[in-house]
Amino acid sequence: MAVASVSGISPSDWDRMVPADDPFMLHAFLLGLEKTKCVSAMTGWRPRHLLAYENDVLMGAMPLYEKHHSYGEFVFDFEWAQAAEEAELPYYPKLVSAVPFTPVTGARLLVAPEADSERVRGRLLAALDALLSEGNYSSAHVLFPNDADMAFLERAGYIPRLGFQFHWTRDPGWHTFEDFQRSMRASVRKQVKKERKIAHSQGLTFKMLAKGEITEAHREAFWHCYTSTIEKHHSHAYLNRAFVRHLFDHFSQYLLLAVAKRGDRVVACALFLYRGTGLYGRYWGALEPIPMLHFELCYYQPITWALEHGITRFEAGAQGMQKLKRGLLPRACHSAHRFSHEGFGRAIRAHLKAERRHILAHMAHCEAHGPFHRA
């Protein structure tokens, strides 16, 4: 069955299906997006979540949205939409399974711990395929699924697409930031030290704030920094002030805020989410153009915190070749796609096979020029 909101679903029933290191798939996060109208028919993200029950017990779920554009997805298909238009095929609306505005890998076919995962995943995909064929949608897209879900989707005939991001993965020998630095090649280590020295010479103090330390004043300071940076770059803020308030008020146990202050004035903030052994960089902003501040606040401060708090994986967001020389390495991420028009689907499959070769070559190039000593 498809539902128009997670609001009617018990948070405990939903959350017991979410992996232990994933904060974004939790009921409170998805509900916050809906309650604050970040996702709605008006924003082009109409919820159509799929649920699988057995004996009136929720055994599976798939977050799903009807989309009338391709913004906020981070798996870019604008060229596909243009190609469809040139072929006189409608591309929108389409169905997208993802965490809106969040390019983070995780479960997309949620299954209760006691359920038969193959059977429940099969029921969810059958419901998605039925919705695709009955609802006049051009396609279905599952974005950033984990390895288990991706394998299931491929077995079901979905077209795979390869992408990559830069992630930090903790080495067992790293206990401090100095350990992390020593593992780098000399030129990279020198550059990191130089960047940190410049950032710390600007008369700033840095602090990482977790649950119980983040105040309403910090929330307001973050919003001011975030919107200021959005405006300076002429970007679009997918998230509104109400959602940020929701995060700070109802999701604080998963929030980490990096703050840079000049005296008593906050001049920059970076907001992270964490759960289990995963740390995820999300949003940042600054009121002043301070040299090396972004690297310090968005990479070096959270890596230091991760090393102190048992975090084994840090994902700093989509894209950004600059991450490579700061100790984040290329890691594969995936998406899966199905098209109502078989001919168009065949063309996309051929295109993605060629694209995959280029991406693998680029990842290999990045690995060869990585920041660490070669074994």
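Refer to the preceding data block for the structure.
The structure presented is a predicted model; accordingly, all values stated were derived computationally and were not measured.

Engineer: Could you give me a rundown of the sheet that holds strand β15 (residues 329-339), with the residues and numbers involved?
Structural biologist: In space, the eleven strands of this open sheet follow the order β2-β5-β6-β8-β15-β9-β14-β13-β12-β11-β10, with mixed pairing throughout. Only two strands of the sheet have a single neighbouring strand rather than two, namely β2 (45-47) and β10 (205-209). Across the sheet, the axes of successive neighbouring strands diverge by a mean angle of 30°, strand direction being ignored. As judged from the eight bridges shared by strand β12 (residues 265-275) and strand β13 (residues 278-286), these two strands associate in the antiparallel manner. Note on β13: the bridge partner recorded for A270 is W284. Along the sheet, helix α8 (residues 216-232) contacts β10, β11 (255-262), β12 and β13; its crossing angle with β13, the most-contacted strand, is approximately 70°.

Engineer: Describe a nonpolar patch on the surface, naming the residues involved and giving the relevant values.
Structural biologist: Together, Y71, F76 and F78 make up an exposed nonpolar region whose accessible area comes to about 310 Å². Tracing the backbone through its elements, the reader meets Y71 in the loop between β5 (65-67) and α3 (78-86).

Engineer: Lay out the pairing of β15 in plain terms, naming residues and giving numbers.
Structural biologist: Taking burial as the measure, the eleven residues of β15 include nine buried ones, the bulk of the element. Pairing of strand β8 (residues 139-143) with β15, which is carried by five bridges, proceeds in the antiparallel orientation. Opposite A140, over in β15, you have R338 as the bridge partner. Here strand β9 (residues 159-169) runs beside β15; their pairing, made up of nine bridges, is antiparallel. Each residue of the ladder has a partner; that of Q165, found in β15, is R331.

Engineer: Which residues make up the packing of aromatic side chains, and what are the values?
Structural biologist: Enumeration over the complete set of coordinates arrives at 28 aromatic pairs. Summarising the aromatic geometry, the rings of Y71 and F78 are spaced 5.3 Å apart at their centres and angled 55° between planes, so their arrangement reads as tilted. Using a relative accessible area of 48% as the deciding quantity, one classes Y71 as partly exposed. Looking at F78, the relative accessible area reads 35%, which means it is partly exposed.

Engineer: Outline the side chain of S183, supporting the account with residue identities and numerical values.
Structural biologist: Secondary-structure assignment places S183 in the loop between α6 (177-182) and α7 (186-200). You can call S183 buried: its relative accessible area is 18%. In this structure, S183 is in contact with W174, F372 and H373, ignoring residues within four places of it in sequence.

Engineer: So what about the packing of helix α2 (residues 27-35) against helix α9 (residues 241-250)? Which residues, and what values?
Structural biologist: It is at 9 Å that the axes of α2 and α9 come closest, and there the two elements cross at 155°. The pairing of α2 with α9 is recorded here as roughly antiparallel in orientation. Along this stretch, α2 crosses α9, giving a crossing that reads as right-handed. Listed contacts from α9 to A28, F29, G32 and L33 of α2 are F243, H246 and L247. In terms of residue class, the contact of α2 with α9 is made up of five nonpolar, two polar and no charged.

Engineer: Any details on the side chain of E34? Residues and values, ideally.
Structural biologist: Relative to the helices and strands, E34 is located in helix α2. We note that E34 is buried and unpaired, the nearest opposite charge coming from K37 at a distance of 8.5 Å. At a separation of 2.6 Å, a polar atom in the side chain of E34 contacts the side chain of S5. Sequence-distant contacts of E34, defined by excluding residues within four places in its chain, comprise S5, V6, S7, V39, P47 and H49.

Engineer: Describe the pattern of salt bridges, with residues and values.
Structural biologist: For the coordinates displayed, the defined rule picks out 25 salt bridges. Taking the shortest distance from any N to any O, the salt bridge between E66 and R46 comes out at 3.1 Å. Placement of E66 in strand β5 and of R46 in strand β2 is noted, with a sequence separation of 20 residues between them. Between R48 and E66 there is a salt bridge; the shortest N-O distance is 3.8 Å. Of the two residues, R48 sits in the loop between β2 and β3 (49-54) while E66 sits in strand β5, which places them 18 residues apart along the sequence.

Engineer: Requested: an account of α7, with residues and values cited.
Structural biologist: With 15 residues, α7 extends 21 Å between its outermost C-alpha atoms, agreeing within 8% with the 21 Å of an ideal straight helix rising 1.5 Å per residue. When α7 is considered as a whole, its buried residues turn out to be V188, V192, E195, R196 and A199. All buried residues of α7 lie within an arc of 95° about the axis, which places them on one face of the element. Seen from the open side of α7, the exposed residues pointing more than 90 degrees away from its buried face are A186, K190, K194 and K197.

Engineer: Residues and numbers for the state of the cysteines, please.
Structural biologist: Following the criterion strictly, the structure yields zero disulfides and no others. Counting only cysteine sulfurs, C225 is the nearest neighbor of C269, a cysteine outside any disulfide, at a range of 4.3 Å. A residue is classified by how much of its surface remains accessible, and C269, at 1% relative accessible area, is buried. C366 takes part in no disulfide bond, and the closest cysteine sulfur, belonging to C333, lies 13 Å away.

Engineer: If you had to explain the sheet that holds strand β4 (residues 57-62) to someone new, which residues and values would you point to?
Structural biologist: Pairing within the open sheet is antiparallel, and its four strands lie in the order β1-β3-β4-β7. Two strands close off the open sheet at either side, each with one partner strand: β1 (2-3) and β7 (110-111). Sheet topology note: the β4/β7 ladder contains two bridges and is antiparallel. Of the residues in β7, the one forming a bridge with G60 is V111. Along the sheet, helix α4 (residues 117-134) contacts β3, β4 and β7; its crossing angle with β3, the most-contacted strand, is approximately 135°.

Procedures and definitions
Residues numbered from 1 in each chain as written. Predicted model: local features only at pLDDT ≥ 70, side-chain atom pairs only at ≥ 80, totals over all residues. Heavy atoms only, no water. Pairing = 2+ DSSP bridges. Helix = DSSP H or I, 4+ residues; strand = E, 2+ residues; numbered from the N terminus. Axes fitted to C-alpha atoms, helices over the stretch in contact; angles between N-to-C directions. Contact = heavy atoms within 4.5 Å. Patch = residues over 30% accessible without salt bridge, like charges linked within 9 Å, V, L, I, M, F, W, Y side chains within 5 Å. Areas by Shrake-Rupley, 256 points an atom, 1.4 Å probe, with all protein chains shown as cover. Salt bridge = Lys/Arg side-chain N within 4 Å of Asp/Glu carboxyl O. Buried < 20%, exposed > 50% of the residue type's maximum accessible area, 1.4 Å probe, protein only. Phe/Tyr/Trp six-rings, centres within 6.5 Å; stacked < 30°, edge-to-face > 60°. Parallel < 35°, antiparallel > 145°, perpendicular 65-115°, else oblique. Left-handed = near helix turned anticlockwise from the far one by under 90°. Nonpolar A, V, L, I, M, F, W, Y, C, P; charged D, E, K, R; others polar. Lys, Arg positive; Asp, Glu negative; His and termini not counted. Polar contact = N/O pair within 3.5 Å; in protein donor to acceptor, adjacent residues only side chain to side chain. Expected span 1.5 Å × (residues − 1). Arc of directions from axis to C-beta. Disulfide = S-S within 2.5 Å.

Any functional reading would require information beyond the geometric quantities listed.
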